[in-house]
Amino acid sequence: MAKKKDKNQPITHIQNFNLEIDYDELATSIVKAQEKAVETTRKQKRYTVGTFATPLIIVFYGMSILGWILVASLPIGVYKIRESFRWNGFTECFSSVITLLFILGIMVMVALYSILLWKSAKEVEAETDRNYIISMFSGVISFVALIVALVALVKG
């Protein structure tokens, strides 16, 4: 038969208790627990931010590069636009001025928009706020959905 273990005897005298609290050790353990909780939260935030920020960064950089390609290719269209104005009965000088102003205006607008998109991509890369990134992602997705709906209306 198994031997019975001695039962713990209740201590009836308060003098036998050690009631001293090591406050330094308690503070150290609280700080360690908080750091562990913060580290876990940071890992989760980094994953969420990376998941939603990566497509945004790709879209913003891509649109910026496409804008610069458009700026570089707009002077090629000057000849076609000049021919269109000349065909409508404008004089040579007037059509040249109108064409250059039109192309220059479009180039400046597209260049500024490309710069803004490039800076936005840099800002999204540096952002760590999960809620901000998710709301920005939702805004871009809703804008894409609007464009798809407009294309479907025009095509349909």
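Quantities reported herein were computed from a predicted structural model and do not represent experimental measurements.

Teacher, can you tell me more about the overall build of the protein here?
In terms of helices and strands, the protein carries four helices and zero strands. Mapped from its N terminus to its C terminus, the protein presents α and β elements in the order α-α-α-α. By residue count, 17% of the 156 residues in the protein fall in the buried class. A fraction of 73% describes how many contacts in the protein between residues 6 or more apart in sequence connect residues 24 or more apart. On the protein, roughly 12,900 Å² of surface is accessible, and the fraction owed to carbon and sulfur atoms is 67%.

Quick question: what am I supposed to make of the environment of Asn 131 here?
In this fold, Asn 131 is placed in helix H4 (residues 130-155). For the pair formed by Asn 131 and Val 49, sequence separation is 82 residues and the distance between their alpha carbons is 8.7 Å.

What is the right way to read the side chain of Ser 64 from this model?
Among the secondary structure elements, Ser 64 is positioned in helix H1 (residues 23-73). Excluding residues within four positions of it along the chain, Ser 64 makes contact with Ser 114, Leu 117 and Trp 118.

Would you explain a nonpolar patch on the surface in this entry?
On the surface, Phe 143, Leu 146, Ile 147, Leu 150, Val 151 and Leu 153 cluster together into a nonpolar patch covering about 590 Å² of accessible area. Following the sequence through the fold, Val 151 ends up in helix H4. By relative accessible area, which is 44% here, Val 151 ends up partly exposed.

So what exactly am I meant to see when it comes to the packing of aromatic side chains here?
Any pair of aromatic rings gets described here by the distance separating the centres and the angle formed by the planes. In the structure shown here, the tally under the stated rule is two aromatic pairs. Centre to centre, the rings of Phe 52 and Phe 137 are 5.0 Å apart; their planes meet at 70 degrees, and the pair counts as edge-to-face. Residue Phe 52 is located in helix H1, and its partner Phe 137 is located in helix H4; the two are separated by 85 residues in the primary sequence. Overall, Phe 52 belongs to the partly exposed group, its relative accessible area being 25%. In this structure Phe 137 comes out as partly exposed when scored by relative accessible area, which is 21%.

Help me out: how do you make sense of the nonpolar core in this one?
One recurring pattern in soluble globular proteins: nonpolar side chains tend to sit buried together. In terms of nonpolar packing, the biggest core is built from 12 residues, these being Val 49, Ala 53, Leu 56, Ile 57, Phe 60, Tyr 61, Leu 117, Ala 121, Val 124, Ile 133, Met 136 and Val 140. The element that contributes the greatest number of residues to this core is H1, accounting for six residues. Ignoring anything within four residues of it in the chain, the contact list for Ala 53 reads Val 124 and Ile 133.

Looking at this structure, how should I read the side chain of Ser 114?
Tracing the backbone shows Ser 114 in helix H3 (residues 92-126). In this structure, Ser 114 is in contact with Ser 64, Gly 67 and Trp 68, ignoring residues within four places of it in sequence.

Would you mind going over the confidence of the model for the protein with me for this structure?
Looking at the protein, pLDDT values average 79 and 73% of them are 70 or higher. When pLDDT is averaged over each helix and strand of the protein, the minimum, 65, is found for helix H2 (residues 78-87) and the maximum, 89, for H4.

What should I look at first to understand H4 in this one?
In this model, H4 (26 residues) spans 37 Å end to end at C-alpha, consistent with the 38 Å of a helix rising 1.5 Å per residue. Every buried residue of H4 is listed here: Ile 133, Met 136 and Val 140.

Each value, and the rule that gives it
Residues numbered from 1 in each chain as written. Predicted model: local features only at pLDDT ≥ 70, side-chain atom pairs only at ≥ 80, totals over all residues. Heavy atoms only, no water. Helix = DSSP H or I, 4+ residues; strand = E, 2+ residues; numbered from the N terminus. Buried < 20%, exposed > 50% of the residue type's maximum accessible area, 1.4 Å probe, protein only. Contact = heavy atoms within 4.5 Å. Areas by Shrake-Rupley, 256 points an atom, 1.4 Å probe, with all protein chains shown as cover. Patch = residues over 30% accessible without salt bridge, like charges linked within 9 Å, V, L, I, M, F, W, Y side chains within 5 Å. Salt bridge = Lys/Arg side-chain N within 4 Å of Asp/Glu carboxyl O. Phe/Tyr/Trp six-rings, centres within 6.5 Å; stacked < 30°, edge-to-face > 60°. Core = buried A, V, L, I, M, F, W, Y, C linked by side-chain atoms within 4.5 Å. pLDDT = per-residue confidence, 0-100. Expected span 1.5 Å × (residues − 1).

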